[in-house]
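Secondary and tertiary structure notes
The lines below spell out each chain.
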Amino acid sequence: MRKVREVLRLRHALSLSYREIGEALGVSKTAAAEIVRRAEVIGLTWPLPEVFDDGELERRLFTAPGEAQPELPAPRPSCMRSLSGAA
């Protein structure tokens, strides 16, 4: 959902209700409220830092703490490496 930034702008800059935001953006009022709630939980305020592109904003809002997306496969434990060599 690429409307995250706009939900936050409408809520904080224009003080629209979640219903009004939902109607304006074509999302449910519950989805709008959840975006604002998640932003508050992680301490994001309006205006957002300029370094946040839409992808970074969504990653911060929708990735659970400790749920990092590894870019490379996780290394095998050393005990597994020693077993794979003995066949």
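What comes next is a walk through the structure.

Thresholds applied
- Residues numbered from 1 in each chain as written.
- Predicted model: local features only at pLDDT ≥ 70, side-chain atom pairs only at ≥ 80, totals over all residues.
- Heavy atoms only, no water.
- Buried < 20%, exposed > 50% of the residue type's maximum accessible area, 1.4 Å probe, protein only.
- Helix = DSSP H or I, 4+ residues; strand = E, 2+ residues; numbered from the N terminus.
- Arc of directions from axis to C-beta.
- Contact = heavy atoms within 4.5 Å.
- Axes fitted to C-alpha atoms, helices over the stretch in contact; angles between N-to-C directions.
- Parallel < 35°, antiparallel > 145°, perpendicular 65-115°, else oblique.
- Left-handed = near helix turned anticlockwise from the far one by under 90°.

With that settled, consider helix α2 (residues 18-25). Along α2, the positions that sit buried rather than exposed are Ile21, Gly22 and Leu25. Buried positions in α2, seen along its axis, are confined to an arc of 100° and lie on one side of it. Turned more than 90 degrees away from the buried face of α2, the exposed residues are Glu23 and Ala24. Where the residues of α2 are buried, they touch α1 (4-12) and α3 (29-41). Two residues or fewer past α2, glycine 26 is found with a positive phi of approximately 75°.

We now examine the packing of α1 against α2. When two helices pack together, their arrangement is given by the angle between their axes and by how far apart the axes lie. Between α1 and α2, whose axes approach to 10 Å, the crossing angle comes to 140°. By the criterion of interaxial angle, the relationship of α1 to α2 is oblique. The way α1 lies across α2 gives a crossing that is right-handed. Where α1 approaches α2, its residues Glu6, Val7, Leu10 and Arg11 are matched on the opposing element by Tyr18, Ile21, Ala24 and Leu25.

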